Amino acid sequence: MLAWAGVFALIGGVCAQAQEKPEAGQSAPVAAPNAKIGAKQTAASAAAAIEQQDLQKAIAQAGNDRAALMHNLMDFLKKYPESSQRPQIYRAIVESSMQLRDFSTATEYAERMVALDPGDLSTNMLSIQLLERYGDAEGWRRAANYCTRMLDIIRRGPVKDKSPRQSNEQFEK
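None of these values were measured; they are calculated from a predicted model.

Rules used in this analysis
- Residues numbered from 1 in each chain as written.
- Predicted model: local features only at pLDDT ≥ 70, side-chain atom pairs only at ≥ 80, totals over all residues.
- Heavy atoms only, no water.
- Salt bridge = Lys/Arg side-chain N within 4 Å of Asp/Glu carboxyl O.
- pLDDT = per-residue confidence, 0-100.
- Contact = heavy atoms within 4.5 Å.
- Helix = DSSP H or I, 4+ residues; strand = E, 2+ residues; numbered from the N terminus.
- Phe/Tyr/Trp six-rings, centres within 6.5 Å; stacked < 30°, edge-to-face > 60°.
- Buried < 20%, exposed > 50% of the residue type's maximum accessible area, 1.4 Å probe, protein only.
- Lys NZ or Arg CZ within 6 Å of the ring centre and 35° of its normal.

Here the structure, examined in full by the defined rule, presents seven salt bridges. With a shortest N-O distance of 3.8 Å, R86 and E82 are connected by a salt bridge.

Take a look at the structure:
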């Protein structure tokens, strides 16, 4: 049995905000002087609610099938390429593709995670490991760039975050 609770936890921001709608027979609220601003906000929140419903549907339709989940999430991203849920969706795709032993997809989405947050050491490390194991010469060059980035992040980090067993000189070698 697959750990679907983990997938749902990764996509924890999926719950749509409840929106108040006028009931049948009632009129919509009277527009305020800033009706244009309110209309834009209402349209944006309605679009966000539809996006969240589509994401929930993509997850629900997958059932217990990791391959279906991966493909549904990829299709969702084609429809909503700028979704605010991208980091969680990318992570779910990486986890599913690794379990399915689809390492090229895992590598692609791990690198997308790095592109979203270049300072995240864990996603950099995951990308390095995948590229080292499953990449070609170009992938190895990207892995070397990620290693350099990680070293720069560590060097610039506050001293309190560094291991007491290592000196600054060790990082500069």
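Once the structure has been displayed, the description carries forward.
Right, let's get into the confidence of the model for the protein. Of all residues in the protein, 68% attain a pLDDT of 70 or more, and the chain-wide mean is 78. In the predicted structure, residues 1–31 sits below a pLDDT of 50 and forms 39 contacts with residues beyond four places in sequence or in another chain.

Here we take up unusual backbone geometry. Backbone geometry places R101, a non-glycine residue, at a positive phi of 60°. With respect to the helices and strands, R101 occurs in the loop between α4 (86–99) and α5 (103–116).

Moving on to the packing of aromatic side chains. Enumeration over the complete set of coordinates arrives at three aromatic pairs. Plain terms: the ring middles of Y90 and Y109 are 5.5 Å apart, the flat faces sit at 65° to each other, and that makes the pair edge-to-face. Taken as a pair, Y90 in helix α4 and Y109 in helix α5 lie far apart in primary sequence, 19 residues in all. Given a relative accessible area of 7%, Y90 falls into the buried group. Positioned above the aromatic ring of Y109 is the side chain of R112, whose terminal nitrogen or guanidinium carbon lies 4.4 Å from the ring centre.

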